[in-house]
Amino acid sequence: MHPNAAFHWTDRTEMLDFVSVRSFAHIFTASAVALFAVHAPVIVRNGRIWFHVARRNRIANQLDGRRALVSVSGREGYQSANWYASEDQVPTWHYEAVEIEGTVRQLSGEELISLVDQLSDVMEGRHSPDKPWTRAKMAPGKFEAMTKAIVGFELEPVEVRGTRKFNQHKNEEDRAATIAGQRGAGRDDIVAAIEELAPRDK
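Quick look at the structure, then. All of these numbers come straight from a predicted model, not from anything done at the bench.

### With respect to the overall build of the protein
Within the protein, the regular secondary structure consists of five helices and seven strands. Across its three principal axes, the protein shows a C-alpha extent of roughly 65 × 45 × 30 Å. The 202 residues of the protein split such that 40% are buried. In the protein, of all internal contacts separated by at least 6 residues, the share reaching a separation of at least 24 is 73%. Carbon together with sulfur atoms contributes 50% to the accessible area of the protein, which is approximately 11,500 Å² in total. Charge centroids of the protein, computed over 26 positive and 28 negative side chains, lie 7 Å from each other.

Structure follows, in structure tokens:
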């Protein structure tokens, strides 16, 4: 995470909500054999991170009982030095991200099915609420056969760290110029983040 305290994100509940909304993570671990990474959808359940990977993925037998790092990113974008009012500025990058460290436990077969059901329910509710998919639409035995090809895991967070870097350390004139530059680049999402995190008058 960025070392500048101005960008530190410390509200654990907010960060886990961010992970829940983003719903996709990079998951890393290491062993004496190698470094491992996987990209997977995630859900937050009772403050823990649940996810699944393909059984044939080389990380699948490297996670149970091992420390892992979950990284989730959100809005990000380039910032030109031309988009400041002040002189002698340099280009930079706006971004938001959360890192979660913890020990991983492999889910039981029943827990894995619960994970898939919950993940499908959440995603269908967001993307296909009128005609949501459920496993009841599958032929008998097909769902059970397909779940044998995946492995589920739970990560219990020991550390949750976040960064939101959107020029909140700059003066009001530079933030206004930044917003104008980002609008000109068509980045209304970055503009929204800058406005959300701008210091408020007390």
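We are not done yet, so read on.
### Re helix α1 (residues 12–22)
Looking only at α1, the buried set comprises Met15, Leu16, Phe18 and Val19. Projection of α1 onto a plane perpendicular to its axis shows the buried side chains occupying an angular sector of 150 degrees, all on one side. In α1, those exposed residues whose orientation departs by more than 90 degrees from the buried face are Thr13 and Val21. Packed against the buried residues of α1 are β1 (8–9), β3 (35–45), β4 (48–54), β5 (67–79), β6 (92–106) and β7 (150–165). For α1, the capping residue at the N-terminal end is aspartate 11, with a side-chain oxygen 3.1 Å from the backbone nitrogen of threonine 13. Count one or two residues on from α1 and you reach serine 23, which has phi positive near 65 degrees.

### Quick notes on the packing of aromatic side chains
Considering all chains together, one arrives at three aromatic pairs under this definition. A ring pair is formed by tryptophan 9 and phenylalanine 18, whose centres lie 5.3 Å apart and whose planes are at 70 degrees; its orientation type is edge-to-face. On the basis of relative accessible area, tryptophan 9 is assigned to the buried category, the value being 7%. Using a relative accessible area of 10% as the deciding quantity, one classes phenylalanine 18 as buried. Across from the ring centre of phenylalanine 166, 5.8 Å away, lies the NZ or CZ of arginine 75, which sits over that ring. Directly above the aromatic system of tyrosine 84 lies the positively charged group of lysine 170, at a separation of 4.9 Å from the ring centroid.

### Examining unusual backbone geometry
One non-glycine residue with positive phi stands out, namely asparagine 46, at about 55 degrees. Looking at where asparagine 46 falls in the secondary structure, it is placed in the loop between β3 and β4. Classification of asparagine 46 by relative accessible area gives exposed; the value is 72%. Phi angles above zero are rare outside glycine, and aspartate 88 is one such case at about 55 degrees. Secondary-structure assignment places aspartate 88 in the loop between β5 and β6.

### Some remarks on the pattern of salt bridges
Inspection of every chain in the model, using the stated rule, returns 14 salt bridges. Here arginine 75 makes a salt bridge to glutamate 196, at a shortest N to O gap of 3.2 Å. You can see arginine 75 sitting in strand β5 and its partner glutamate 196 sitting in helix α5 (residues 188–197), a full 121 residues away along the chain. Close ionic contact of arginine 105 with glutamate 154 constitutes a salt bridge, the shortest N to O distance being 3.3 Å. With arginine 105 in strand β6 and glutamate 154 in strand β7, the pair connects residues that are 49 residues apart, well separated along the chain. What makes arginine 105 partly exposed here is its relative accessible area of 32%. One network of salt bridges, in which partners are shared, links Arg48, Arg105, Glu111, Glu154 and Glu156.

### Quick look at the side chain of glutamate 96
Mapped onto the elements, glutamate 96 comes out in strand β6. At 2.7 Å, the side chain of glutamate 96 forms a polar contact with the side chain of arginine 75. Residue contacts for glutamate 96: discarding those within four places in its chain leaves Phe18, Val72, Ser73, Gly74, Arg75, Thr163, Arg164 and Phe166.

The rules behind each value
- Residues numbered from 1 in each chain as written.
- Predicted model: local features only at pLDDT ≥ 70, side-chain atom pairs only at ≥ 80, totals over all residues.
- Heavy atoms only, no water.
- Helix = DSSP H or I, 4+ residues; strand = E, 2+ residues; numbered from the N terminus.
- Buried < 20%, exposed > 50% of the residue type's maximum accessible area, 1.4 Å probe, protein only.
- Contact = heavy atoms within 4.5 Å.
- Areas by Shrake-Rupley, 256 points an atom, 1.4 Å probe, with all protein chains shown as cover.
- Lys, Arg positive; Asp, Glu negative; His and termini not counted.
- Charge placed at Lys NZ, Arg CZ, Asp CG, Glu CD.
- Arc of directions from axis to C-beta.
- Polar contact = N/O pair within 3.5 Å; in protein donor to acceptor, adjacent residues only side chain to side chain.
- Phe/Tyr/Trp six-rings, centres within 6.5 Å; stacked < 30°, edge-to-face > 60°.
- Lys NZ or Arg CZ within 6 Å of the ring centre and 35° of its normal.
- Salt bridge = Lys/Arg side-chain N within 4 Å of Asp/Glu carboxyl O.

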